[in-house]
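Structural features, examined
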Amino acid sequence: DTGVSQNPRHKITKRGQNVTFRCDPISEHNRLYWYRQTLGQGPEFLTYFQNEAQLEKSRLLSDRFSAERPKGSFSTLEIQRTEQGDSAMYLCASSPTGGSNQPQHFGDGTRLSIL
Amino acid sequence: AQSVTQPDIHITVSEGASLELRCNYSYGATPYLFWYVQSPGQGLQLLLKYFSGDTLVQGIKGFEAEFKRSQSSFNLRKPSVHWSDAAEYFCAGVFTGGGNKLTFGTGTQLKVEL
């Protein structure tokens, strides 16, 4: 069990640029989640996949955000035309199939800074 | 609306003292409840979870939490705090009808004085 892996750990970019983050879940987990955490707040849910199917998206996920999980393994989160308000920690989590009581295991996150 | 509240933003305790971090939820039914810990610049580590049954649950690192339905609370406790416990602690719930997403409280920052 190598844990949830996220890359890059840090990303600094200029406003208006596009960025893409990657998440590799724990290998036997087929559920994958993305959360966003701003300073001094708890993580907020963005979206959730079961295998390759995106089953739920938060209203926080504007049309500039897109997430994919093409083969049901790793996932990418892309932000287009980044804005200052996108600066945050982006966390990925995974869990095995089962009920909603399956605990989610988190990666160390990608910290995005918009200049 | 479904929500998780952590009333204490910051707590300071002396090393060796006992600790209690408060968590309340707002929901008609009992959610699945979790406590996570986050060190600076890191992701979240699961401390313990409550689904049903025994109201006192044991977790890692000597932590425990007690579920009280009458108070809609799920407080985290530790009998003797170590300096390495300094971190941010998050209470979270999964609510029926809310999919599988976690709803987090705003966190409690724990400082440990030596």
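Let me sum up the structure you'll find in this document. Nothing here was measured: the structure is a model prediction, and the numbers come from that model.

**Digging into the overall build of chain B**
Helix and strand counts for chain B come out as zero helices and 12 strands. Computed over its C-alpha atoms, the radius of gyration of chain B comes to 14 Å, within 12% of the 13 Å expected for a compact globule of 114 residues. If you line up chain B on its principal axes, its C-alpha atoms span 45 × 30 × 20 Å. Each of the 114 residues in chain B was classed as buried or not, and the buried ones make up 46%. Looking at chain B alone, contacts between residues at least 24 apart form 53% of all its contacts between residues at least 6 apart. Separation between the mean location of the 9 positive side-chain charges and that of the 9 negative ones in chain B comes to 7 Å.

**Some thoughts on the interface of chain B and chain A**
Of the residues lining the interface, 21 residues belong to chain B; the matching set on chain A comes to 22 residues. A buried area of about 1,700 Å², summed over both sides, lies between chain B and chain A, and 54% of it is on carbon and sulfur atoms. On the chain B side of the contact with chain A, Leu 44, Asn 100 and Lys 101 of chain B bury the most area, a combined 31% of that side's loss. Remark: the boundary between chain B and chain A carries one salt bridge. The salt bridge involving Glu 56 of chain A is made with Lys 101 of chain B; its shortest N-O contact spans 2.7 Å. Seen at the junction of chain B and chain A, the total is nine residue pairs in polar contact (both at pLDDT 80 or more). Among the elements of the structure, strand S5 (32–38), strand S6 (44–50) and strand S10 (87–94) of chain B are those that each provide at least two residues to the side of chain B that touches chain A. The dominant element in the side of chain B that touches chain A, judged by the number of residues it contributes, is S5 of chain B, at four residues.

**Let's talk about the pairing of strand S12 (residues 108–113) of chain B**
Residue and element names in this part refer to chain B. With burial as the criterion, only one face of S12 is covered, namely that bearing Thr 108, Leu 110 and Val 112; the residues Gln 109, Lys 111 and Glu 113 on the opposite face remain uncovered. Where strand S2 (residues 10–14) meets S12, five bridges bridge the pair, whose relative direction is parallel. Within S12, the residue paired with Thr 12 across the bridge is Lys 111.

**Topic: unusual backbone geometry**
Residue Pro 8 of chain A is bonded to the preceding Asn 7 of chain A through a cis peptide linkage, with omega at -10 degrees. Mapped onto the fold, Pro 8 of chain A is located in the loop between strand S1 (5–7) and strand S2 (10–13). One non-glycine residue, Ser 72 of chain B, lies in the positive phi region at around 50 degrees. Residue position: Ser 72 of chain B is located in the loop between strand S8 (64–68) and strand S9 (73–78).

**Some points on the sheet that holds S1 of chain A**
Residue and element names in this part refer to chain A. Spatial strand order, S1-S3-S8-S7: four strands in an open sheet with antiparallel pairing. Edge positions in the sheet fall to S1 and strand S7 (65–68), since each of these pairs with one other strand and no more. Going from strand to strand, the sheet's axes swing by 15 degrees on average, the running direction of each strand aside. With five bridges joining them, strand S3 (residues 19–24) and strand S8 (residues 75–79) adopt antiparallel strand pairing. Counterpart to Val 19 in the pairing with S8 is Ile 79.

**Some remarks on the pattern of salt bridges**
Residues and elements named next belong to chain A. In this structure the tally under the stated criterion is nine salt bridges over all chains. Between Asp 86 and Arg 64 there is a salt bridge; the shortest N-O distance is 2.8 Å. Pair noted here: Asp 86 is in the loop between S8 and strand S9 (88–95) and Arg 64 is in the loop between strand S6 (53–57) and S7, with a separation of 22 residues, a long-range link. Both residues of the pair, Asp 86 and Arg 64, count as buried.

**Comments concerning the state of the cysteines**
Overall, the coordinates contain two disulfides over all chains when judged by the stated rule. At a sulfur-sulfur separation of 1.8 Å, the disulfide partner of Cys 23 of chain A is Cys 92 of chain A. Negative torsions about the S-S bond denote left-handed disulfides, and the value of about -70 degrees found for Cys 23 of chain A with Cys 92 of chain A makes this one left-handed. Taken together, the residues span a long stretch of sequence, with Cys 23 of chain A in strand S3 and Cys 92 of chain A in strand S9 at a distance of 69 residues. On the accessibility criterion, Cys 92 of chain A (0% relative accessible area) is buried. Paired through a disulfide, Cys 23 of chain B and Cys 91 of chain B show a sulfur-sulfur distance of 2.0 Å. Where Cys 23 of chain B bonds to Cys 91 of chain B through sulfur, the torsion about that S-S bond is close to -65 degrees, and the disulfide is left-handed.

Parameters at a glance
Residues numbered from 1 in each chain as written. Chains lettered and ligands numbered in written order. Predicted model: local features only at pLDDT ≥ 70, side-chain atom pairs only at ≥ 80, totals over all residues. Heavy atoms only, no water. Helix = DSSP H or I, 4+ residues; strand = E, 2+ residues; numbered from the N terminus. Rg over C-alpha atoms; globule rule 2.2 N^0.38 Å. Buried < 20%, exposed > 50% of the residue type's maximum accessible area, 1.4 Å probe, protein only. Contact = heavy atoms within 4.5 Å. Lys, Arg positive; Asp, Glu negative; His and termini not counted. Charge placed at Lys NZ, Arg CZ, Asp CG, Glu CD. Buried area = accessible area lost by both parts, 1.4 Å probe. Salt bridge = Lys/Arg side-chain N within 4 Å of Asp/Glu carboxyl O. Polar contact = N/O pair within 3.5 Å; in protein donor to acceptor, adjacent residues only side chain to side chain. Pairing = 2+ DSSP bridges. Axes fitted to C-alpha atoms, helices over the stretch in contact; angles between N-to-C directions. Disulfide = S-S within 2.5 Å.

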